[in-house]
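# Tertiary structure, described
Spelled out from the first residue to the last, the chains are:
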Amino acid sequence: MKKIVKVMTIAGSDSGAGAGIQADLKTFHALGVYGTSVITAVTAQNTLGVTSVLEMPTGMVIDQMDAILTDINTDAVKIGMMANMEIIRAVVERLAYYGISNVVLDPVMIAKGGDRLLRADAVDAMRDEMFPFATVVTPNIPEAEILAQMEIRNNSQVRRAAEIIVAQGANSIVLKGGHFLGDAVDVFYDGEAFIEFVRPRVNTRNSHGTGCTFSSAIAAGLGKGFKLDQSIEMAKEYVTRALMAAKSIGQGYGPLEHFFKFDIQ
Ligand code: PXL
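Residues numbered from 1 in each chain as written. Predicted model: local features only at pLDDT ≥ 70, side-chain atom pairs only at ≥ 80, totals over all residues. Heavy atoms only, no water.

So, on to the nonpolar core. In this structure, I10, I79, M82, I88, V91 and M130 are the most contacted members of the largest nonpolar core, which totals 52 residues. If we skip the residues at most four places from it in the chain, I88 touches M82, L118, A122, A125, M126 and M130. Within the second largest apolar cluster, 27 residues are counted, among which are V7, A76, F188 and M234. (Core = buried A, V, L, I, M, F, W, Y, C linked by side-chain atoms within 4.5 Å. Buried < 20%, exposed > 50% of the residue type's maximum accessible area, 1.4 Å probe, protein only. Contact = heavy atoms within 4.5 Å.)

It is worth spelling out the site of the ligand at this point. The ligand sits among G12, A19, G20, Q45, M81, V108, A111, L117, H208 and C212. Interatomic distance of 2.7 Å between a side-chain N/O atom of Q45 and an oxygen atom of the ligand. When the ligand sits alone it has 310 Å² of accessible area, and the protein chains cover 89% of it. Residues belonging to the shell around the ligand are distributed by class as follows: six nonpolar, four polar and no charged. (Near = heavy atom within 4 Å. Polar contact = N/O pair within 3.5 Å; in protein donor to acceptor, adjacent residues only side chain to side chain. Areas by Shrake-Rupley, 256 points an atom, 1.4 Å probe, with all protein chains shown as cover. Nonpolar A, V, L, I, M, F, W, Y, C, P; charged D, E, K, R; others polar.)

Turning our eyes to something else, we now look at helix α1 (residues 20-30). Residues three or four positions apart in an α-helix share a direction because the helix packs 3.6 residues into each turn. Listed in full, the buried residues belonging to α1 are G20, I21, A23, D24, T27 and F28. The buried side chains of α1 occupy one side of the element, clustering within an arc of 165° when seen end-on. Each element contacted by the buried residues of α1 is listed here: β1 (6-14), β2 (34-46), β4 (76-79), α7 (210-223) and α8 (228-244). (Helix = DSSP H or I, 4+ residues; strand = E, 2+ residues; numbered from the N terminus. Arc of directions from axis to C-beta.)

Next up on the list: the side chain of Q45. Looking at the element boundaries, Q45 is found in strand β2. There is a polar contact of 3.4 Å between the side chain of Q45 and the side chain of H208. Filtering out sequence-adjacent residues up to four positions away, Q45 remains in contact with D14, S15, G16, V50, T51 and H208.

None of the figures reported here should be taken as evidence of function without further support.
This is the structure in structure tokens:
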């Protein structure tokens, strides 16, 4: 019998279901793995933006992790919105306790409309305490600018920032170039070599949840036992196709279409 692969997301809920936990679970299901979820915060949100955020009590985050990891277990973890320092520290402690590997850390900081999804005073804890547990971190350009404390305007600055962030303790990075013009180029660096993952830019407004979907797809690949570079390549292809298939929902930035016919492996 084929083993059922399990992947756990630790992230925030998006009521509009474009990003966060909802995007993560859709991605897991589309890629044929069993998804579980640990909710760190509930956002009231639609395609126009975030209207309010409620951070979960830290004990509730721990209880969700314990419930999953003492019974169902997991082959990989995706980490998204962490909200605050106390949640970061509790999640790190539990990851260490259970000896979890295959961790994809999407260092979510600010939503498209500018709302903070990670308190400003928690960035240092994420970098110093959580990065060492990450198989790969997946910042976009604005997040990488905050982490590396430099402007990123061109490819050589992307590579410099990637080097700085790996030196901060991450095992590897994929710096997502979706915020640039031209092709969508994501740059991987593991302290030794750079690899570029390139797809044509998909011109769509419906891109809400792209980062969540990408990091979840990488976690699904790692959970299935793919190598990291294979997982990133698969995730890049999946996100590109989900963007191409996206339909307008709501008046703002619509979600990706996670369930287009997915026939690559
Ligand atoms: O895409 C980052 C992100 C992650 N998690 C939640 C979000 C968002 C962006 O809006 O709402 C819950």
